[in-house]
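# Structural features, examined
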Amino acid sequence: MSERLWNILVDSFGKILLPGLTMTIPLTVIAFSFAMVIAIAVALVQYANIRVLKQIARFYIWVIRGTPLLVQLYVIFYGLPGVGIVLDPFPAAVIVFSINEGAYCAETMRAALESVPVGQLEAGYCVGMSYLQVMRRIVLPQAFRTAFPPLSNSLIAMVKDTSLAANITVMEMFMATQRIVASTYEPLALYVEVGLIYLLFSTVLTKVQRIGEKRLAHYGAQKE
Amino acid sequence: MLEVKNLRKRFGELEVLKGVSLSVNNGDVVAILGPSGSGKTTLLRCINFLETADGGELVLDGESFAPGKAKRSDIARFRRKTAFVFQNYNLFRNKTALQNVTEGLIVARKTPRARAEEIGRKMLEKVGLSDRADHYPSQLSGGQQQRVAIARALATDPEIILFDEPTSALDPELIGEVLAVMRQLAEEGMTMLVVTHELSFAKSVADQVVFMEAGQVVEAGPAGPFFMFPREERTRAFLRTISGESGEQPVDR
Ligand SMILES: Nc1ncnc2c1ncn2[C@@H]1O[C@H](COP(=O)(O)OP(=O)(O)OP(=O)(O)O)[C@@H](O)[C@H]1O
Ligand SMILES: [Mg+2]
């Protein structure tokens, strides 16, 4: 490796990592948090079979899962100004990623809720608990345990998907890399470098997932 | 104390309970016997409103409850006085043994935590599981799980406990420990309505026996005469088929 290339890589490492820490991670954390709130609400109205809300939930999931994330980003960021709604890139990205991820996580949560045996609810009723008490204290915690691995998966996927936000001018890691490539003409080395930084982020999250799963090991374990 | 009057239940075309009546006196142990599919589980579930019966009446402590018409608050009041032990234990999987016992007290009865834990430990001691208080259900054997379930049932100080085949999901060597706990409760005067296939348990512990078949009570009465001189031919046939099956007696291998 030439010294020039080496210097570019070393020099760019900080310039790529910084937007990773100030954009990619905040975008992921904020959007995933909103996504979880959406997912739980959307899963619960389906689980509890609340009529109209359930239909709205199904419609939402159908639309979001049936259209590309990139198209959703374009509609919100480039499309909405046409009806007078102008959003900054970062909030636009947060909105799109929250709504998009919420639809997928809602399905994960719904499946997890449905996997809790009905006997768990009945046992709760028999010791005098109400529906809401049983949901909050028995069903949801167990559903979370079941949903934890697939939700971690979604989170890891999302870290990488945030690179699509470059398309709506969010200055995250991938866009930062593109900028450096434009001035140095070293696409191979630099795109590999940013790829490795994504890999680093994913690896940390995978480790966190392992630890989380260990801690939850007995928590609603599926043995009877 | 508990009176079940003419309870009816159908699932679609299938009439599972065709007007079942029985009564349980204070302090009595009533065993319900009957072949598989005769509606015993459905009966217990209808009594505790886990299923809504189509007709009939329940009288608990002189208060009448009509299935279908009972409001949520009525059902809550009914359940306050009863407890249920399931065939497959149904311990809360995300709670330790102690938490399983205290959950109803803390959440439903608003008992202060310290007091609830005191009661919880006492109940676990009663079923011989003091040393398992912090174990999760997945770390307990079937027999231990069912004993925790009994402790959980006892914790809310019910007037009557409904048992649905509490030992039939257990390995033979674990049945005895659960029956021993139930025997002890009976001696202490707990009122119990027990669906069981354990003939020797019913013979030695039950005060009253109800024999059900195809959604109807075929024969009912005090345990002694019931086993000595069953009146109905169908009762005799049933007793012949099930005696000899596993019981509390040691199993020859
Ligand atoms: N939720 C349900 N939906 C439809 N049919 C049901 C339902 N629950 C029970 N049944 C039917 O009702 C009948 C009585 O069932 P039940 O479980 O009460 O019998 P059981 O006497 O408890 O039998 P076992 O000794 O095998 O436990 C059976 O034919 C069963 O298939
Ligand atoms: Mg049954």
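Residues numbered from 1 in each chain as written. Chains lettered and ligands numbered in written order. Predicted model: local features only at pLDDT ≥ 70, side-chain atom pairs only at ≥ 80, totals over all residues. Heavy atoms only, no water.

What follows deals with the overall build of chain B. Counting its regular elements, chain B contains 9 helices and 10 strands. By the compact-globule yardstick of 18 Å for 253 residues, chain B fits well, its C-alpha radius of gyration being 18 Å. Its C-alpha atoms put chain B at 55 × 50 × 35 Å along the principal axes. Across the 253 residues that make up chain B, the buried fraction comes to 56%. At a minimum sequence separation of 6, the contacts of chain B that also span at least 24 residues come to 65%. (Helix = DSSP H or I, 4+ residues; strand = E, 2+ residues; numbered from the N terminus. Rg over C-alpha atoms; globule rule 2.2 N^0.38 Å. Buried < 20%, exposed > 50% of the residue type's maximum accessible area, 1.4 Å probe, protein only. Contact = heavy atoms within 4.5 Å.)

All names here are of chain B. Counted residue by residue, strand β7 (residues 160–164) has 5 buried out of 5 residues, so it is predominantly covered. Side chains Ile160, Leu162 and Asp164 of β7 all project onto a buried face; the interleaved residues Ile161 and Phe163 project onto the opposite face, where all are buried too. Pairing analysis gives 4 bridges linking strand β6 (residues 82–85) to β7, with the strands arranged parallel. Along β7, the bridge assignment pairs Val85 with Phe163. Pairing geometry for β7 and strand β8 (residues 191–195), over 5 bridges, is parallel. Within β8, the position partnered with Ile160 by the bridge is Thr191. (Pairing = 2+ DSSP bridges.)

As a further point, take helix α4 (residues 113–126) of chain B. All names here are of chain B. In this model, α4 (14 residues) spans 20 Å end to end at C-alpha, consistent with the 20 Å of a helix rising 1.5 Å per residue. Residues of α4 that are buried make contact with α3 (97–108) and α5 (142–155). Once α4 finishes, Gly128 follows within two positions and takes phi at roughly 75 degrees, a positive value. (Expected span 1.5 Å × (residues − 1).)

A probe matching the size of a water molecule, rolled over the atoms, marks out where space remains unfilled. Counted by the stated rule, this structure contains 1 cavity of 30 Å³ or more. Considering only enclosed or pocket space, the largest cavity measures out at about 40 Å³ in volume. Together, Ala123, Cys126 and Val127 of chain A together with Ala83, Phe84, Phe86, Arg152, Ala153 and Thr156 of chain B line the largest cavity. Those elements that provide at least two residues to the lining of the largest cavity are α5 (118–126) of chain A together with β6 and α5 of chain B. Residues belonging to the lining of the largest cavity are distributed by class as follows: 7 nonpolar, 1 polar and 1 charged. (1 Å grid on protein atoms, 1.4 Å probe; cavity = no way out; pocket = protein on both sides within 12 Å on 5 of 7 lines; lining within 4 Å. Points joined across faces, edges and corners; volume = space filled by probe spheres on them. Nonpolar A, V, L, I, M, F, W, Y, C, P; charged D, E, K, R; others polar.)

Below, the discussion takes up the interface of chain A and chain B. Taken together, the contact pairs 23 residues of chain A with 25 residues of chain B. Here chain A is connected to chain B by 2 salt bridges. Two residues, Glu103 of chain B and Arg137 of chain A, come together in a salt bridge whose shortest N-O distance is 2.5 Å. At the boundary of chain A and chain B, one finds 8 residue pairs in polar contact (both at pLDDT 80 or more). When contributions to the side of chain A that touches chain B are tallied by element, the ones reaching two or more residues are α5 and α6 (131–161) of chain A. A per-element tally of the side of chain A that touches chain B places α5 of chain A first, with 7 residues. Along the lines of polarity and charge, the residues of the side of chain A that touches chain B split into 10 nonpolar, 9 polar and 4 charged. (Salt bridge = Lys/Arg side-chain N within 4 Å of Asp/Glu carboxyl O. Polar contact = N/O pair within 3.5 Å; in protein donor to acceptor, adjacent residues only side chain to side chain.)

Bringing the site of ligand 1 into the picture now. All names here are of chain B. In the neighbourhood of ligand 1, 13 residues make up the surrounding shell, with Ser36, Gly37, Lys40, Thr41 and Thr42 lying closest. In the environment of ligand 1, an oxygen atom lies 2.5 Å from a nitrogen or oxygen atom belonging to the side chain of Thr42. Within the complex, 61% of the 630 Å² of free accessible area of ligand 1 lies under protein. Put simply, the parts of the chain that give the shell around ligand 1 at least two residues each are β2 (14–24) and α1 (40–47). Of the residues forming the shell around ligand 1, the biggest block, 3 residues, is contributed by α1. Here the shell around ligand 1 is composed, by residue class, of 4 nonpolar, 7 polar and 2 charged. (Near = heavy atom within 4 Å. Areas by Shrake-Rupley, 256 points an atom, 1.4 Å probe, with all protein chains shown as cover.)

What follows is about the nonpolar core. Buried together is how nonpolar side chains tend to be arranged in soluble globular proteins. In this structure, Phe97 of chain A together with Leu2, Leu22, Ile32, Leu43, Ile47 and Leu193 of chain B are the most contacted members of the largest nonpolar core, which totals 79 residues. No other element matches the 11 residues that helix α4 (residues 89–114) of chain A contributes to this core. There are two domains that each give this core at least three residues, and those are domain 1 (1–81 + 160–253) and domain 2 (91–157) of chain B. In this view, Ile32 of chain B contacts Leu22, Lys40, Leu43, Leu44, Leu193, Val194, Val195, Thr196, Val210 and Met212 of chain B; residues no more than four positions away in its chain are not counted. (Core = buried A, V, L, I, M, F, W, Y, C linked by side-chain atoms within 4.5 Å. Domains from an automatic or database assignment.)

Residue and element names in this part refer to chain B. Mean pLDDT over chain B stands at 92; residues scoring 70 or higher make up 96%. pLDDT under 50 marks residues 246–253. Its contacts with residues more than four places away, or in other chains, come to 10 contacts. Quick note on the complex model: pTM equals 0.88, ipTM equals 0.91. (pLDDT = per-residue confidence, 0-100.)

Moving on: the domain arrangement of chain B. Residue and element names in this part refer to chain B. Split by domain assignment, chain B resolves into domain 1 (1–81 + 160–253) and domain 2 (91–157). Put simply, the middle of domain 1 and the middle of domain 2, counted by C-alpha atoms, are 24 Å apart. Its largest share of buried area at the contact with domain 2, domain 1 owes to Arg80, Glu177 and Val181, together 39% of the area lost on that side. The interface formed by domain 1 and domain 2 includes 2 salt bridges. Among the salt bridges present, the one from Arg147 reaches Glu177, with a minimum N-O distance of 2.9 Å. (Buried area = accessible area lost by both parts, 1.4 Å probe.)

As a further point, take the packing of α3 of chain B against α4 of chain B. Residue and element names in this part refer to chain B. Relative orientation of the contacting elements α3 and α4 amounts to 130 degrees, with a least axis distance of 9 Å. What the angle tells us is that α3 and α4 run oblique. As α3 runs across α4, the sense of the crossing is right-handed. Contact residues: α3 offers Ala97, Leu98, Val101, Thr102, Leu105 and Ile106, while α4 offers Arg113, Ala116, Glu117, Ile119, Gly120, Arg121, Met123 and Leu124. (Axes fitted to C-alpha atoms, helices over the stretch in contact; angles between N-to-C directions. Parallel < 35°, antiparallel > 145°, perpendicular 65-115°, else oblique. Left-handed = near helix turned anticlockwise from the far one by under 90°.)

The next point concerns the environment of Val30 of chain B. Looking at the element boundaries, Val30 of chain B is found in strand β3 (residues 29–33). Placed 26 residues apart in sequence, Val30 of chain B and Gly56 of chain B show a C-alpha to C-alpha distance of 20 Å.

Attention now moves to the layout of surface pockets. Roughly 550 Å³ of volume is contained in the largest pocket. Lining the largest pocket are 19 residues, with Tyr125, Met129 and Tyr131 of chain A together with Arg72 and Arg79 of chain B sitting closest to its centre. Among the elements of the structure, α5 and α6 of chain A together with α2 (72–80) of chain B are those that each provide at least two residues to the lining of the largest pocket. Here the lining of the largest pocket gets 5 residues from one element, more than from any other, and that element is α2 of chain B. A class-by-class count of the residues in the lining of the largest pocket yields 12 nonpolar, 2 polar and 5 charged.

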